[in-house]
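The lines below spell out each chain.
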Amino acid sequence: MGNVLVSFCHDRMCRQMGALCGLSGSEVKTRIIDSGLQWEFERGQVTPEEFHCRFEQAVDVTLDQNHLAIAASDIFTLNESIPPILARLKTGGHRLVLLSNTSVWHFDHIQERYDVLQLFDDFVLSYRAGAMKPDPTIFEAALKVIDCHPRDCFYTDDIPAYVEAGRQYGLDAEIFTDTARLIQQMSRRGIVMD
């Protein structure tokens, strides 16, 4: 999802969260990213309520949970060139499964703000799987959901290590750089975009 469907900025997230409690973005980064709290949230190891509580403890400020969720999640910009590609794939009979490292707040925010996620048939999300790419657990979860042989599944990701992990599980995987290259990659596989 990140840097394929939507671009995002963790620095913006930290600045916005910091603005709620009078801290700099770098101070928030230390408390949630460097500490690993954000990754626990994206693995589903902490609930939104637990994340909220632990963030309040880390910054020693009482905050409204909804305000915190918005500050943490209003960091995405839709890649406008992708939804038409997904719509064409869908009308062409292709099954679309999203595999993403994300938190419940981020996923819900994108779902509420953009009309792109409804194009997918299923989702394998880190906070539901209890693991983040490139961990084996999330790829094993994806293999159960794709409903086809791994070699028949085209997987794209902007992180080379994730693409390599996908290949180790037999997926036909390519690095995502931009939509034009994605179209070329699919074309080489007989999926032609008009």
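Residues numbered from 1 in each chain as written. Predicted model: local features only at pLDDT ≥ 70, side-chain atom pairs only at ≥ 80, totals over all residues. Heavy atoms only, no water.

For soluble globular proteins, the rule of thumb is that nonpolar side chains tend to be buried together. Grouped together as the largest cluster of nonpolar side chains are 49 residues, with contacts concentrated most on Leu5, Met17, Ile32, Phe51, Phe55, Leu98 and Leu117. Excluding residues within four positions of it along the chain, Leu98 makes contact with Met1, Leu5, Phe107, Leu117, Phe120, Asp122, Phe123, Val124 and Leu125. Counting 14 residues, the second largest nonpolar core, distinct from the first, contains Ala131, Ile146, Tyr155 and Tyr162. (Core = buried A, V, L, I, M, F, W, Y, C linked by side-chain atoms within 4.5 Å. Buried < 20%, exposed > 50% of the residue type's maximum accessible area, 1.4 Å probe, protein only. Contact = heavy atoms within 4.5 Å.)

Once that is clear, we can look at the environment of Leu171. Within the element layout of this structure, Leu171 appears in the loop between α10 (160–168) and β6 (172–175). Exposure remark for Leu171: the relative accessible area of 8% places this residue in the buried category. Ignoring anything within four residues of it in the chain, the contact list for Leu171 reads Phe139, Leu143, Ile146, Pro150, Cys153, Tyr155 and Gly166. (Helix = DSSP H or I, 4+ residues; strand = E, 2+ residues; numbered from the N terminus.)

Positionally, Asp157 belongs in strand β5 (residues 154–157). Not counting residues within four places of it along the chain, the set of residues in contact with Asp157 comprises Lys133, Tyr162, Val163, Glu174, Ile175 and Phe176.

Turning to helix α11 (residues 179–187), its buried residues are Thr179, Leu182, Gln185 and Met186. The arc that holds the buried residues of α11, viewed along the axis, is 115°, so those residues lie on one side. Measuring from the backbone nitrogen of Ala180 back to the side-chain oxygen at the start of α11 gives 3.2 Å, which picks out Asp178 as the cap. (Arc of directions from axis to C-beta. Polar contact = N/O pair within 3.5 Å; in protein donor to acceptor, adjacent residues only side chain to side chain.)

Moving on: the packing of aromatic side chains. Overall, the coordinates contain nine aromatic pairs when judged by the stated rule. Judged by centre distance (6.5 Å) and plane angle (5°), the ring pair of Phe51 and Phe55 falls under stacked. In this pair, Phe51 and Phe55 are both assigned in helix α4 (residues 48–59), four residues apart and thus about one turn of the helix distant. For the pair formed by Phe51 and Phe55, the shared burial category is buried. Ring centres of Phe107 and Phe123 lie 5.2 Å apart, and the angle between their planes is 75°; this geometry places the pair in the edge-to-face category. You can see Phe107 sitting in helix α7 (residues 104–113) and its partner Phe123 sitting in strand β4 (residues 122–125), a full 16 residues away along the chain. What makes Phe107 buried here is its relative accessible area of 2%. Since its relative accessible area comes to 19%, Phe123 is described here as buried. (Phe/Tyr/Trp six-rings, centres within 6.5 Å; stacked < 30°, edge-to-face > 60°.)

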